[in-house]
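Commentary on secondary and tertiary structure
Take a look at the letters that make up each chain.
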Amino acid sequence: MSREMVPEYWRNREMYLRPMGSVCKDCGSKYFPPRKICLKCGSKNLEKYELSEKGRVLSWTVVRYPSEEFSKYSPYVLGLIELDDGTRLVAQISDVSIDEMHIGMRVKMMIRRAFEEGESGIIRYVYKFVPDIKEK
Amino acid sequence: MPVYVRGYGFTDVREHWNKSMEDLALEACIKALEMAGLSGKNIDKIIVSNALGEYLNHKGHLGALIADTLGIINKPAIRVEAASASGGIAVHQAFLELKGETARNILVIGVEKMADVLPNSIYTARSLMIDREYLSSIGATMEALEAIILRLYLEKYKAEHENIMKLAVVSHSNALRAKHAQFPRPITVDTIKRSPYVADPLHFFEVTAPADGAAALVLSNETGSVEIVSSSASTDRFRFFERDDLLWLESVYMAAQDAYNQAKLTHSDIDFVELHDSSTIMGVLEIEALGLSEKGAGHKLLEKDIGFLNSEMPINTFGGLKARGDPIGATGVYQIAEISAQLFGHAGDNQIDNAKTGLALSVGGLGELSVIHILKKKGGF
């Protein structure tokens, strides 16, 4: 879909540029994506917390047949990442060759281009991860 | 009040260039109504299952559209959408109405028309089945997430990928003489390994291809010789990466436990199973969550050459999603029609011996919603 969906991106700008989790103030359960109702205790008393910016690769793939929005970027690496605070998420892994990819690889969060909305739409940015060379 | 399959019908699963969504639905419904010995006048309600009509065909409002195509006017008609579990949930809704006696005969129609668009649109369409904001909008696709799960499985359980591929080999073998199957030809583990990656390490021949098809059921609480003894549905966390165990399909497990309880039986009473093998790895995880193997041991079960038509536990008796084909919104309805064909004794070259109890599993996305039906031949157990 090369449609322009600026409001969707605008609503989520904080999440895409600095992802946050939510923590339940009643039972301490942590969530990413942030929730408004705690799955464990049903509380609506949750607040946002900053995610760790570093983590490791639990699993990964190479997207060779992407959806239309990402068609000009393939192939690209997509990883399942566990951050150092235990949060898991899925994100692209950049600045890496497929040969270097391995389970357990240390990565750190960056802001990178996601895709462009058609010819005249906005350029969307999103969190991606790159190898954490210092810890290699 | 028991719920019966009174009639079923389906089209071939393939690229139907000269047929529209409406044409396909009509063809399947005429067969189902003829078998049931009913006309449109006897139908109290129409439930249409379709997953991707808006995106792939620019068509919505499918309940009334398909009802009109069938010449059934002045009756309630709805469309249900639950991604790849649409077919399962459509049958589930019909089951509940018939149990509650708000209708006597319901026509359930699953239809999907995928071949009209180019392949890259198919990947976009399948991406509608996963979360937009945290998955598809950052570059994930269904196939990519299945590949991530596969790599995790291979690592955690020290599994041989070749054993997981065997599920596709079984499905193709069982489809060899199935007249309506999309791919009635054999493949080997070697063929799969030589096919390109769709998303590493998942090969093209481990996932399904776009397909057109329609399947229809006349479900009734009046009469029939095949009974739906369980109908159960359950959800899980929508984004798979949040689940406590990334390799456990809790929705399949919960729906299965409920379905076994409803039918007062266990997995060992099931004679054959129709899995939702959207990919080989999903099929393996489903085998485990259904209780057919221990957790983490689905790949070892496949090593033992299970699943073939003449084996102890036939799986995908007309080829399943992989080889019969996967017209997404129709798939769950095909499964019930095929189990009915086995129990009615109408399965022809694919007939399995002593087929008395069959289980169908319909899975939405990566297990966000699972629906299970158990069907039994009347008087059999």
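Cut-offs used in this document
Residue numbers restart at each chain and count upward from 1, following the sequence in its written direction. Each chain takes a letter, starting from A, and each ligand takes a number, starting from 1, following the order in which they are written. Only residues with pLDDT of at least 70 are given local features in this predicted model, and only at 80 or more are side-chain atom pairs given and counted; all residues enter the totals for whole chains, interfaces and linings. Hydrogens and water molecules were not included; the side-chain quantities draw on all heavy atoms of the structure. Only DSSP runs of H or I covering at least 4 residues are called helices, and only runs of E covering at least 2 are called strands; the numbering of each starts at the N terminus. The contact criterion used throughout is that any non-hydrogen atoms of two residues lie within 4.5 Å. By definition, the buried area sums, over both parts, the 1.4 Å-probe accessible area that each loses when the two are put together. The salt bridge criterion pairs a side-chain nitrogen of Lys or Arg with a carboxyl oxygen of Asp or Glu, the two atoms within 4 Å. As used in this structure description, the phrase polar contact means that two N or O atoms lie within 3.5 Å; if the pair is within protein, one of them must be able to donate a hydrogen and the other to accept it, and residues adjacent in sequence are counted only when both atoms belong to side chains. Two strands are said to pair when DSSP picks up at least two bridges between them. Comment: axis = line fitted to C-alpha atoms, over the contacting stretch for helices; angle = value between 0 and 180 degrees taken between N-to-C directions. Partly exposed residues are those whose accessible area sits between 20% and 50% of the maximum for their type, while under 20% is buried and over 50% is exposed, using a 1.4 Å probe and protein chains only. A helix is expected to span 1.5 Å for every residue after the first. What counts as a ring pair is set by centres within 6.5 Å for rings of Phe, Tyr and Trp (its six-membered ring), and what kind of pair is set by the plane angle: stacked under 30 degrees, edge-to-face over 60, tilted for all other angles. We call a charge positioned over a ring when the NZ of a Lys or the CZ of an Arg lies within 6 Å of the ring centre and within 35 degrees of the ring normal.

It is worth spelling out the environment of alanine 323 of chain B at this point. The residue alanine 323 of chain B is located in helix H12 (residues 320-323) in this model. For the pair alanine 323 of chain B and alanine 168 of chain B, spaced 155 residues apart in sequence, the C-alpha to C-alpha distance is 7.8 Å.

If you look at the interface, chain B gives 37 residues, while chain A gives 39 residues. Carbon and sulfur atoms make up 57% of the area that chain B and chain A hide from each other, which totals about 3,300 Å². Between chain B and chain A we count four salt bridges in total. Notably, a salt bridge pairs glutamate 69 of chain A with arginine 132 of chain B, separated by 3.1 Å at the nearest N-O pair. Linking chain B with chain A are 17 residue pairs in polar contact (both at pLDDT 80 or more), by the criterion used here. Secondary structure elements with two or more residues in the side of chain B that touches chain A: helix H5 (119-127), helix H6 (142-156) and strand E5 (197-199) of chain B.

The next point concerns the sheet that holds strand E3 (residues 77-80) of chain B. All names here are of chain B. With mixed pairing, nine strands are arranged side by side in an open sheet as E3-E2-E4-E7-E1-E8-E11-E10-E9. What marks the edges here is a single partner per strand, and that holds for E3 and strand E9 (272-274). Direction aside, neighbouring strands of the sheet carry axes that sit 25° apart on average. Looking at chain direction, strand E4 (residues 105-113) and strand E7 (residues 212-220) are connected through nine bridges and run antiparallel.

Below, the discussion takes up the pairing of strand E10 (residues 357-364) of chain B. All names here are of chain B. Burial analysis of E10 places eight of its eight residues in the buried class, which makes it a mostly covered element. Along E10, one buried face is formed by Thr357, Leu359, Leu361 and Val363 and the opposite face, lined by Gly358, Ala360, Ser362 and Gly364, is buried too. As paired elements, E9 and E10 share three bridges and run parallel to each other. Each residue of the ladder has a partner; that of valine 273, found in E10, is leucine 359. Of the strand pairs in this sheet, E10 and strand E11 (residues 369-377) are connected by eight bridges, and their pairing is antiparallel. If you follow leucine 359 over to E11, its bridge partner there is isoleucine 374. Between E10 and E11, which follow one another and run antiparallel, lie four residues, and glycine 365 among them has a positive phi close to 60°.

What follows covers the sheet that holds strand E3 (residues 46-50) of chain A. Strand order in this open sheet of three strands is E2-E1-E3 (chain A), and the pairing throughout is antiparallel. Of all the strands in the sheet, the pair left with one neighbour each is strand E2 (30-31) and E3 of chain A.

Another point: H6 of chain B. Between its first and last C-alpha, H6 of chain B extends 21 Å over 15 residues, near the 21 Å set by a 1.5 Å rise per residue. The buried count for H6 of chain B comes to 13 of 15 residues, which makes it a mostly enclosed element.

On to the packing of aromatic side chains. By convention here, two paired aromatic rings are described through the distance between centres and the angle between planes. Tallied over the entire structure, the rule returns 13 aromatic pairs over all chains. Ring centres 5.9 Å apart and planes at 50° place the aromatic pair phenylalanine 70 of chain A and tyrosine 76 of chain A in the tilted group. One exposure class covers both phenylalanine 70 of chain A and tyrosine 76 of chain A, and it is buried. Measuring from centroid to centroid gives 5.0 Å for phenylalanine 70 of chain A and phenylalanine 115 of chain A, while their planes differ by 65°, and the two rings are edge-to-face. Of the two residues, phenylalanine 70 of chain A is situated in the loop between strand E4 (54-63) and strand E5 (76-83) and phenylalanine 115 of chain A in strand E7 (residues 106-116); the sequence distance between them amounts to 45 residues. A single burial state applies to phenylalanine 70 of chain A and to phenylalanine 115 of chain A, both of which are buried. Members of the aromatic cluster, each reached through a chain of ring pairs, are Phe32 of chain A together with Tyr134, Phe240 and Phe241 of chain B. Cation over ring: lysine 30 of chain A sits above tyrosine 49 of chain A, and NZ or CZ is 4.8 Å from the ring centre.

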